[in-house]
Amino acid sequence: MDLSAWSHYRFRSVWNLPAPPAAVFAVLERAEEYPAWWPQVRAVTPLDDTSGVAVFRSFLPYELTVTAREKRRDPAAGVLEIAMSGDLDGWARWTLRARGGGGTRAVYDQEVEVRRPLMRRFAVPGRLVFLANHAWMMRGGRRGLAARLQPV
C-alpha cells in the first residue's frame, strides 16, 4: 500500500466575514499577529520580510512547525499565498472577494504533504481524526478573525 497518498491533503474553507476585503486582507497579511486571534496558531516568528516559522496545535496533543515563505501578496486581487516546508510541505492561499452587505467571502485553499514521522505512521488509521483536527482549527480561525474584524 502506498502510504504517501494517505499523507497528502487538500483543504478548502470558505468564511463569510463581516468586513470589506481590504480590512480582511490587512489582518491576514500580518501573520505574526495570528496567535492573537487564532487560538490554534501558537506562535509565528518572522525570519525576514517575507518568511517566518509558524507553530500550530489544534485538539490533538501535538504541534506542527512549518517555515512559510510568501509566494504572492496582491491586495488588488485579494490574494495571499505561501509555500510551506517542515512538518507540512506544500502551499496555502487566501482569496478574498466582496460579498453583498459589505462583507467578504474568504476562501482558504491548502495542499500539503505531511512530513512529520508520527503523522505519516498513522496516516491510514488517523486520517479522519487529522481531518477533524484541521476542521476544528479552521473553525477557531474563522471565529477569531470575525471577532477581530468587529468594530470596537
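All values reported here derive from a predicted model rather than from experimental measurement.

Attention now moves to the environment of Arg72. Inspection of the secondary structure puts Arg72 in strand β4 (residues 64–74). Residue classification places Arg72 among the partly exposed positions, given a relative accessible area of 36%. For the pair Arg72 and Ala132, spaced 60 residues apart in sequence, the C-alpha to C-alpha distance is 28 Å. With near-sequence residues (within four places) excluded, Arg72 lies in contact with Ala77, Val79, Leu80 and Glu81. Within the local environment of Arg72, its side chain forms a polar contact with the side chain of Asp74, the two groups lying 3.2 Å apart.

Our focus in this paragraph is the packing of aromatic side chains. Enumeration according to the criterion identifies nine aromatic pairs in this entry. Seen in terms of ring centroids, Trp15 and Trp94 are 4.9 Å apart; in terms of plane orientation they differ by 65°. Their pairing is edge-to-face. Taken as a pair, Trp15 in strand β1 (residues 8–17) and Trp94 in strand β6 (residues 88–99) lie far apart in primary sequence, 79 residues in all. For the pair shown, Trp15 and Trp94 are each scored as buried. Pairing Tyr62 with Phe130 gives two aromatic rings, centres 6.4 Å apart and planes at 85°, and the pair type is edge-to-face. Placement of Tyr62 in the loop between β3 (51–56) and β4 and of Phe130 in helix α4 (residues 123–149) is noted, with a sequence separation of 68 residues between them. The exposure class assigned to Tyr62 is buried, which follows from its relative accessible area of 13%. Residue class for Phe130 comes out buried when judged on its relative accessible area of 11%. One aromatic cluster is present, formed by Trp15, Tyr34, Trp37, Trp38, Trp94 and Tyr108 through successive ring pairs.

A word on the sheet that holds β6. What the seven strands build is an open sheet, ordered β1-β7-β6-β5-β4-β3-β2; its pairing is antiparallel. On the outer flanks of this sheet lie β1 and β2 (41–48), each paired with one strand and no other. Averaged over all pairs of adjacent strands, the angle between strand axes in this sheet comes to 20°, irrespective of strand direction. Two elements, β2 and β3, share six bridges in a ladder whose sense is antiparallel. By the bridge assignment for β3, Asp48 is matched with Ser51. Contacting β1, β4, β5 (79–86), β6 and β7 (103–114), helix α1 (residues 21–28) runs over the sheet at an angle of about 155° to β6.

Calculation rules
All residue numbers refer to position in the chain's written sequence, counted from 1. Totals for whole chains, interfaces and linings use every residue, but because this is a predicted model, local features are given only for residues with pLDDT of at least 70 and side-chain atom pairs only at 80 or more, for both listing and counting. Side-chain measures here rest on the full set of heavy atoms in the structure, leaving out hydrogens and waters. The helix count covers DSSP runs of H or I at least four residues long, the strand count covers runs of E at least two residues long, and both are numbered beginning at the N terminus. A 1.4 Å probe rolled over the protein chains alone gives each residue an accessible area, and that area as a share of the maximum for its type sets the label: buried under 20%, exposed over 50%, partly exposed in between. Every residue pair with non-hydrogen atoms within 4.5 Å of one another is taken to be in contact. Any pair of N or O atoms that falls within 3.5 Å is considered a polar contact. Within protein, one atom must be able to donate a hydrogen and the other to accept it, and sequence-neighbouring residues count only if both atoms are side-chain atoms. Stacked, tilted and edge-to-face are the three classes assigned to paired rings of Phe, Tyr and Trp, where Trp is represented by its six-membered ring and a pair needs centres within 6.5 Å; plane angles under 30 degrees give stacked, over 60 edge-to-face, the rest tilted. For two strands to be treated as a pair, DSSP must find at least two bridges joining them. Only the stretch in contact is used when fitting a helix axis, every axis being a line fitted to C-alpha atoms; angles between N-to-C directions are given from 0 to 180 degrees.

Remember, this is a structural readout, not a statement about activity or role.
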